Amino acid sequence: MKKYFIGTILLICSIINFSATPAFASKDLPQMTSFADVIEPLMPAVVNIYTVKYNRKKQTSDNSLPELIPFEELGEFFKEFNIPFMFDLYSGYRATSLGSGFIIDETGLIVTNYHVIAGSDEIHVKLSDNMEFPARIIGRDPRTDLALIKIDSDKKLPFVSFGDSSGIRVGDIVIAIGNSLGFGGTVTTGIISSKGRDLGTGVDELVDDFIQTDAAINTGNSGGPLFNIEGNVIGINTSIPAVAGGTNVGIGFAIPSDRVQSIVTQLKKSGKITRGRLDISIQEINKELSEALNIKQDYGVLVVDAKSGGSGDKAGLKRGDLIIEFNGKQVLNARKLQLYVAETHIGDEINLNIIRDGEPLALKAIIAEVDDEGGGAITNEDANSAVIDSKNLLEKSGVVFTDLTDEIKDQFDIEKNIKGILVIKVKSKDIKPNLRTGDVIVAFNQEPIESADHFSKLYEKLKSEDKKSAILLVKRGNFSMFIALPIK
């Protein structure tokens, strides 16, 4: 009996001890009690950036301070005591903004965010030892929000190195250093909360794989480095959620270092970025377009137009094609396709999988270099001031159209070979978000439009067939798009 009792106690103790054992032993945890040894050598390479934008007009309000106060002299006085922004705050003659950056080589090349230096008349860099230098722009890339600037020093400068962001994992320790809220040299730590974040900032911005971190990032941290525990730069701190009101709420985003390095390499070499293109106008598919074009896929990108002689045209792309894959990668939306094309080297041959008339088709295309062509859409004021014959107006579905005459083409510099009708006014609230005054309608359900009368006949034919909508091919400046028009 006694032995049984003792044995039971031992068994219970064994169970308790076993169940209390953690999934990993404490000896497996990193025995780090301070980040000081990692941070100390990094601090000298992180810089504060402030820019100056001169106001072109002096204040004339009665509330402005009298001009007899020597603001410029006072500004220099305050700078002597390390208070550099008093003149900027009170004079009204110039505005400043604050940001961060980091030195990437001993000659003084500095990486920062484009939005930190955008629109500035002067760029100033302050080192950790309080030395200040004017900076010049080497290159910038607004579409990835990156910029490369340079300061000139008579001594070799401390710098940091890029790490490999492709190998980062959620839970990795990270360190952010920057000019947070204007307090230079601020260090915060945290972990990688998530990765591959697409912030949906618009098709013009070409970053869709942001690093998310809970390391405190505030206004002024923009352009500063995000380090891993080895002291290598794995990202550039770029943004915080708008709901934060400019202060940290435990979520911040950084551009991965792999993306940064490729951009910086190009900027360093040529001062500009070259990107690929397919020479096509595209549009995302939606329910209305799918039904009108008899498309069954619920994802992909529609080809609205293919520039004659361009990459897409040479590959065989046609208006109405649905691109569903780019080099084996699924094309979920227009933004993804633009990213895939932009990241492809000039001259590379790529594979496109498309749907045409309900059937799958494989094409090959050669990526060409982007050509920044100008041209804009006709504005509301332009269209309203057009010389229009009131007898030649057509109204359908709450939209007023008129013939695209030679006089209108001359007035608004529209190509002579363009045929179609001009949108004069959009009355319907349902259509107004998509169709605009000044749009040119060039096709109706894929049939080219010759005149307002031609448009009316096609419209009435669909109406008699009890069709619910039609697809308009709309030209707006240098861009084309499909827009669904309800038949009423």
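Residues numbered from 1 in each chain as written. Predicted model: local features only at pLDDT ≥ 70, side-chain atom pairs only at ≥ 80, totals over all residues. Heavy atoms only, no water.

### Some remarks on the pattern of salt bridges
Per the counting criterion, the structure on display carries 15 salt bridges. Here Glu465 makes a salt bridge to Lys461, at a shortest N to O gap of 2.8 Å. Residue classification places Lys461 among the partly exposed positions, given a relative accessible area of 49%. Among the ionic contacts, a cluster of salt bridges with common partners joins Arg136, Lys150 and Asp152. (Salt bridge = Lys/Arg side-chain N within 4 Å of Asp/Glu carboxyl O. Buried < 20%, exposed > 50% of the residue type's maximum accessible area, 1.4 Å probe, protein only.)

### So, the environment of Lys468
With respect to the element layout, Lys468 can be found in the loop between helix 12 (452-464) and strand 27 (469-476). Since its relative accessible area comes to 64%, Lys468 is described here as exposed. With 176 residues separating them in the primary sequence, Lys468 and Ala292 have C-alpha atoms 9.0 Å apart. When neighbours within four sequence positions are excluded, Lys468 is seen to be in contact with Leu485, Pro486 and Ile487. (Helix = DSSP H or I, 4+ residues; strand = E, 2+ residues; numbered from the N terminus. Contact = heavy atoms within 4.5 Å.)

### Comments concerning the confidence of the model for the protein chain
Averaged over every residue, the pLDDT of the protein chain is 79; the share at 70 or more is 77%. Looking across the protein chain, the model is least confident in helix 1 (residues 2-19), with a mean pLDDT of 42, and most confident in strand 3 (residues 109-112), with 97. Contacts from residues 81-93, a stretch scored under 50 in pLDDT, to residues over four places away or in other chains number 24 contacts. Throughout residues 372-385 the model reports pLDDT below 50, and contacts reaching past four residues in sequence, or to other chains, amount to 26 contacts. (pLDDT = per-residue confidence, 0-100.)

### Description of the sheet that holds strand 11 (residues 225-228)
Strands sit in the order 8-9-10-13-12-11 around a closed barrel of 6 strands; the barrel is antiparallel. Strand-to-strand, the axes of this sheet are offset by a mean angle of 45 degrees, without reference to chain direction. Examined bridge by bridge, strand 11 and strand 12 (residues 233-239) share 3 bridges and lie antiparallel to one another. Looking across to strand 12, one finds that Leu226 is bridged to Gly235. Together, strand 12 and strand 13 (252-256) form the strand contacts of helix 6 (residues 257-270), whose direction differs from that of strand 13 by roughly 50 degrees. (Pairing = 2+ DSSP bridges. Axes fitted to C-alpha atoms, helices over the stretch in contact; angles between N-to-C directions.)

### As for the side chain of Ser100
The topology assignment puts Ser100 in strand 2 (residues 94-103). For Ser100, a relative accessible area of 0% puts it in the buried group. In contact with Ser100, other than residues within four places in its own chain, are Val47, Ile49, Thr112, Gly178, Asn179, Gly220, Asn221, Ser222, Gly223 and Gly224.

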